[in-house]
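Reading the structure
Read off the chains here:
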Amino acid sequence: MKVMIVEDHRVLRDGLRTIFSLEQDIDLIAEADSAEEAFRQLEKGKQPDIVLMDINLPGMDGIEAVKKMKKQQPSIKILMLTMYKHDEYFISAIQEGADGYLLKDTPSDQVVHALRSAMKGEAVVHPSLTKKLFDLHQNPPAEKAEGALTAREQEVLELLVEGKTNKEIAEALVISDKTVKIHVSNMFKKMGVKSRSQAIIKAIQEKLVHIED
């Protein structure tokens, strides 16, 4: 996978570069210390599969950059890598199209795993942030779903919120991976979301699933 880092702290960029250099399937093709520089890199022909994006950047912030980048190139995966645990940053980033949200204290092996998971279309959401969503009471109204979930789709959603992969969901429900993909696709349409991360947030905000404290 081809990766771009958008981070204004050089020490962190250096550290990520070293980590990625040890992975055969990761090719770091571009680095930027601002969102503006990242867009210049894209204009020059750099085409990453996935972008690691900080939030607190000079000039355009990371959340606005996600919105603009996803509008220009929807196929690019974007993972936020930030120190901010605030609910508003987390939710805003996902709603603007980010494919995942990591904290900067995430172990290096988990960052690598998160990149691979995001490339597979899997949700990458820090567990502590997912639980914090239960305490939110001032979120804007979510879009109305196109229809109610079937019993099977509800089961898939609950397992998805638990962080299960398609393969793990298939094993738990004793169905094929292909069938899981169909259920997930139908579920996304009904919920009005485009990614697993957005589905998790909406499911928790609207209390569509029950999670033990």
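The structure contained in this document is the topic of the report that follows. Computed from a predicted structure; not experimentally measured.

1. What about the pattern of salt bridges?
- Taken as a whole, this structure holds eleven salt bridges when the rule is applied.
- The salt bridge involving Lys104 is made with Glu7; its shortest N-O contact spans 3.0 Å. On the criterion of sequence distance, the pair formed by Lys104 in the loop between strand 5 (100-103) and helix 5 (108-119) and Glu7 in the loop between strand 1 (2-6) and helix 1 (10-21) is long-range, its members being 97 residues apart.
- Lys104 is the salt-bridge partner of Asp54, the closest N and O atoms lying 3.3 Å from each other. In this pair, Asp54 is assigned in the loop between strand 3 (50-53) and helix 3 (62-72) and Lys104 in the loop between strand 5 and helix 5, connecting sequence segments 50 residues apart.
- When its relative accessible area of 28% is taken as the criterion, Lys104 is described as partly exposed.
- Ionic contacts of the salt-bridge type, sharing partners, join the residues Arg13, Asp14, Arg17 and Glu31 into one network.

2. Quick look at the environment of Asp109
- In this structure, Asp109 sits in helix 5.
- Residues Asp109 and Ile19, spaced 90 residues apart in sequence, show a C-alpha to C-alpha distance of 8.5 Å.

3. Things to note about the packing of aromatic side chains
- One pass over the full model with this rule turns up two aromatic pairs.
- Ring centres 5.2 Å apart and planes at 70° place the aromatic pair Phe90 and Tyr101 in the edge-to-face group. One end of the pair, Phe90, is in helix 4 (residues 87-95); the other, Tyr101, is in strand 5, with eleven residues separating them in the sequence. Each member of the pair, Phe90 as well as Tyr101, carries the same accessibility label: buried.
- In this arrangement the basic side chain of Lys68 is found over the ring face of Phe39, its NZ or CZ atom lying 4.5 Å from the centre.

4. Considerations on the environment of Glu162
- Among the secondary structure elements, Glu162 is positioned in the loop between helix 7 (151-161) and helix 8 (166-173).
- Judged by relative accessible area, Glu162 falls into the exposed class, the value being 56%.

5. So, helix 2 (residues 35-43)
- Among the residues of helix 2, those classed as buried are Ala35, Glu37, Ala38, Phe39, Gln41 and Leu42.
- Tucked inside the fold, the buried residues of helix 2 contact strand 1, strand 2 (27-32) and helix 3.
- Just beyond helix 2, the residue with positive phi is Gly45, at close to 110°.

6. Concerning the sheet that holds strand 4 (residues 77-82)
- An order of 2-1-3-4-5-6 is seen for the six strands of this open sheet, with the pairing classed as parallel. The strands lining the two open edges of the sheet, one partner per strand, are strand 2 and strand 6 (124-125).
- Helix 3 contacts strand 3 and strand 4 of the sheet and is inclined by roughly 175° relative to strand 4.

Conventions adopted
- Residues numbered from 1 in each chain as written.
- Predicted model: local features only at pLDDT ≥ 70, side-chain atom pairs only at ≥ 80, totals over all residues.
- Heavy atoms only, no water.
- Salt bridge = Lys/Arg side-chain N within 4 Å of Asp/Glu carboxyl O.
- Helix = DSSP H or I, 4+ residues; strand = E, 2+ residues; numbered from the N terminus.
- Buried < 20%, exposed > 50% of the residue type's maximum accessible area, 1.4 Å probe, protein only.
- Phe/Tyr/Trp six-rings, centres within 6.5 Å; stacked < 30°, edge-to-face > 60°.
- Lys NZ or Arg CZ within 6 Å of the ring centre and 35° of its normal.
- Contact = heavy atoms within 4.5 Å.
- Pairing = 2+ DSSP bridges.
- Axes fitted to C-alpha atoms, helices over the stretch in contact; angles between N-to-C directions.

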